[in-house]
Each structure stands twice: as structure tokens, then as C-alpha cells.
Amino acid sequence: MEPIKRVLSIQSHVVSGYVGNKCAVFPLQIMGFEVDAINSVQLSNHTGYKTFYGQILNEKNLLELITGLVENELHNYSYLLTGYIRCPMFLKKIAEVYLILKKKNPDLIYVCDPVMGDNKKMYVPKEILDVYKNEIINLTDILTPNEYELELLTGKTITTSDDIQEAINLLYAQGCKTVIVSSSNISSNNELKCIGRNINDKVYVEISIPLINQSFIGTGDLFTALILIWMNLTNNDLKKTMENTVATIQAVLQRTIKNINSKDSIKSNELKLIQSLDDIRNPEVKIFGSIHAII
């Protein structure tokens, strides 16, 4: 029998809607992964609504949960997946959690979405950046920042593809092994760029994605979960992984757009994830990546 692939996913949770763990757990499970979820925050709904309520897990709560897993020998994971984390001390504790899991399984793969902001605006406390830079990046196997988060992590302004490659090199120097920039605005052709590279490769993969002039919440969380899935299923074929990931997200977004109700746009704008089951399982790749040499 094929070994069971187990994921510990630590990120946000909403009761209604699809962001954080609500975006990650479903696709992982239907693609054959056992998923244990820890909710860094638990909210009634995402913060784009007029109100939201809920709780924030602190570092003590996190350690209690991990202690229970360890004492019952339940902490043998193939992957650690992290996303939205608001508290700097909670993020610091994740570095300790990683070491505990890595000791149990030396082959553990850490997939990190360094959720900090977008469109030149941070929406987490500024102290969280230092924790990512000083305590998390060196542990990661796969990192999936957007363009702004790449700028934050490296201190480099991104305006060209060369800037992205230089920024990725800075992350490699800190110990990260694979960087996939989920979205970048370096193109002037009304499109986004998704760019990825493995640490020892002399080439990088680039996908041009038609720009949708609409905002969606949860796409980054879904992106990172899909990257984890397809890196596993394609035996770390970065080009196929990125193509399948982009294909799935595009299908989900198009289905979501078709169902948007202008009278209740926020609620109807929630990702149509469940309705996209077939697209998650068997993405139809329509946008192919190109391979470029690093000069």
C-alpha cells in the first residue's frame, strides 16, 4: 500500500466561507492526504464582511495541542503547512513545532505561505515580518509569497523578472529550497505572472495569467494547498505543479464569477470550492508555463 501522506495545517478558519483551512483541507483530503488542522484564528466569517467575531489561538494554546499529539504518538507528519498567522509569538512557536515534527520525521516537508499583505499593504502586525525573516525562512522547503510579501521578506523592490530572481536568491541564501511567487504585477500586458524556481535549478518557470479585474479572498490559501498537492503527485515537477495549480484556481474563479449576485456580492463572492470538485481532481490545463534560463 502507498504510505499515508499526513499534513498538519496551521492557519486561519472561518465558520462561513472559504479562506485558510477551509480552503486547504478540502482539496488536500480529496487528493488523498490525511489532514489535521489547527486554527490560528477562528472567525465567524472573513474580514471583508461588515462585521466579524471570533477567537485568536495563542502560543500557549498551540503548545498544548502539540503536546497532546506528541504524548499520544500522533505527530508523525509528512508535511507542515502554514498560512495566516497574526500573532508574532504564535509564529515563533511554530518554529519549535517544526523542530518537534522534524525530529519525529526527518523527511518532513515544510510548505509556508508567509501571509502578510498584498497590494503594498500589510494586514498583520509589522513584528511578524522579523519572525519570518529570522526564524521561519531558514526552515522552509517551499515558500509561496505574493510579490509584495517577496519584497517584505527580502527588502528588494520588484519591478522586473530579474528583480524576482535576485529576491529568490536572497531567500535561498537563508535556507529556503523552493520559491513560487503566486502573483506578480511585473507585466504590463494586463496579466499576472506566477514564477517559481528550485534552489539548484538554472532555469525558472513562468506562467502568464489573464488578469481578472475583481478581488477574491482565499485564493492564496488555495494556491499553497494545491502547490503542496501537486509537488507530491508530480514528484516535484515544478512546471506541471504550477500549471495544474493555476488551472484549478482559474476554474474556481470562473465558476465563482458566474454565481456572483450583485445584491449580495460579498457572500456570493465566496470561492465556489465544493462545486469545483472535478476541477481540483482533474484540472484542465489551458495556460502553460514557459521555462527561462537564469542569466
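Owing to the predicted nature of the structure, the values given are computational and were not obtained by experimental measurement.

Peer 1: Looking at this structure, I do not really get the overall build of the chain. What am I missing?
Peer 2: Looking only at helices and strands, one finds 10 helices and 12 strands in the chain. The C-alpha atoms of the chain give 18 Å as radius of gyration, which agrees with the globular expectation for 295 residues (19 Å, within 12%). For the C-alpha atoms alone, the extent of the chain along its principal axes is close to 55 × 50 × 45 Å. Counting every position in the chain, which comprises 295 residues, the buried fraction comes to 52%. For the chain, the share of sequence-separated contacts (at least 6 apart) that also reach a separation of at least 24 residues comes to 69%. When the accessible surface of the chain is summed, it comes to about 14,000 Å², and 51% of that surface belongs to carbon and sulfur atoms. For the chain, the distance from the average position of its 29 positive side-chain charges to the average position of its 32 negative side-chain charges is 3 Å.

Peer 1: Is there a simple way to think about the UniProt feature "domain: Pyridoxamine kinase/Phosphomethylpyrimidine kinase" (unreviewed entry) in the chain in this case?
Peer 2: What UniProt calls "domain: Pyridoxamine kinase/Phosphomethylpyrimidine kinase" (unreviewed entry) maps, in this numbering, to residues 104–257. Secondary structure within residues 104–257 divides into 44% helix and 21% strand; the distance between the first and last C-alpha atoms comes to 44 Å.

Peer 1: Got a minute to help me understand the environment of Tyr 132 in this structure?
Peer 2: With respect to the helices, strands and loops of the structure, Tyr 132 is situated in helix α4 (residues 127–136). On a C-alpha basis, the gap between Tyr 132 and Cys 112 in space is 9.9 Å, while along the polypeptide they are 20 residues apart. Not counting residues up to four positions away in its chain, the partners in contact with Tyr 132 are Gly 83, Leu 91, Cys 112, Asp 113, Pro 114, Val 115, Met 116, Ile 137 and Leu 153.

Peer 1: Would you explain the pairing of strand β1 (residues 5–14) in this entry?
Peer 2: One face of the sheet, then the other: side chains in a regular strand alternate in exactly this way. Buried residues dominate β1, accounting for 9 of its 10 residues. In this structure, β1 lies alongside strand β2 (residues 33–43), joined through 9 bridges in parallel fashion. By the bridge assignment, Val 7 is partnered in β2 with Val 35. Between the parallel pair β1 and β2, the chain is carried across by helix α1 (residues 21–30), and the sense of this crossover is right-handed.

Peer 1: Explain the packing of aromatic side chains to me, please; I cannot follow it from the model alone.
Peer 2: The geometry of an aromatic ring pair is captured by two quantities: the separation of the ring centres and the angle between the planes. Tallied over the full model, the rule gives 2 aromatic pairs. A ring pair is formed by Phe 33 and Tyr 79, whose centres lie 6.2 Å apart and whose planes are at 65°; its orientation type is edge-to-face. Placement of Phe 33 in strand β2 and of Tyr 79 in strand β4 (residues 79–82) is noted, with a sequence separation of 46 residues between them. Residues Phe 33 and Tyr 79 agree in their burial class; the two are buried. Relative to Tyr 110, the ring of Tyr 98 lies with its centre 5.8 Å away and its plane at 35°, an arrangement referred to as tilted. On the criterion of sequence distance, the pair formed by Tyr 98 in helix α3 (residues 88–104) and Tyr 110 in strand β5 (residues 109–112) is long-range, its members being 12 residues apart. Given the relative accessible area of 8%, Tyr 98 is considered buried. In this structure, Arg 6 is placed above the aromatic ring of Tyr 77, and the distance from its NZ or CZ to the ring centre is 4.4 Å. For the cation-ring pair, Lys 22 lies above Tyr 18, with the distance from its terminal atom to the ring centre recorded as 5.2 Å.

About the thresholds
Residue positions within a chain follow its written sequence, with the count starting from 1. Residue-level local features of this predicted model are given only where pLDDT is at least 70; pairs of side-chain atoms are given and counted only at 80 or more, and the full residue set underlies all totals for whole chains, interfaces and linings. For the side-chain quantities, the full set of heavy atoms in the structure was used; hydrogens and water were omitted. Helix and strand assignments come from DSSP, with helices taken as H or I runs of at least 4 residues and strands as E runs of at least 2, each series counted from the N terminus. We take the radius of gyration over the C-alpha atoms and set the globule estimate at 2.2 Å times the residue count to the 0.38 power. Each residue is assigned to one of three classes by its accessible area relative to the maximum for its type, calculated with a 1.4 Å probe on protein chains only: buried under 20%, partly exposed between the two thresholds, exposed over 50%. Here a residue-residue contact requires only that any non-hydrogen atoms of the pair lie within 4.5 Å. Every accessible area reported is derived by Shrake-Rupley at a probe size of 1.4 Å, with residue values counting cover from the shown protein chains alone. When charges are counted, Lys and Arg contribute as positive and Asp and Glu as negative, whereas His and the chain ends are disregarded. One atom stands in for each charge, and that atom is NZ of Lys, CZ of Arg, CG of Asp or CD of Glu. UniProt positions are given in the numbering used here, feature names are shortened, and annotations may be inferred rather than shown by experiment. A pair of strands is treated as paired once DSSP finds two or more bridges between them. We call a crossover right-handed when, viewed with both strands directed away from the observer, the connection leading from the first strand over the helix to the second proceeds clockwise. Put simply, two rings from Phe, Tyr or Trp (the six-membered ring, in Trp's case) pair if the centres are within 6.5 Å, and we call them stacked under 30 degrees between planes, edge-to-face over 60, tilted for the rest. To sit over a ring, a charge needs its Lys NZ or Arg CZ within 6 Å of the ring centre and within 35 degrees of the ring normal.

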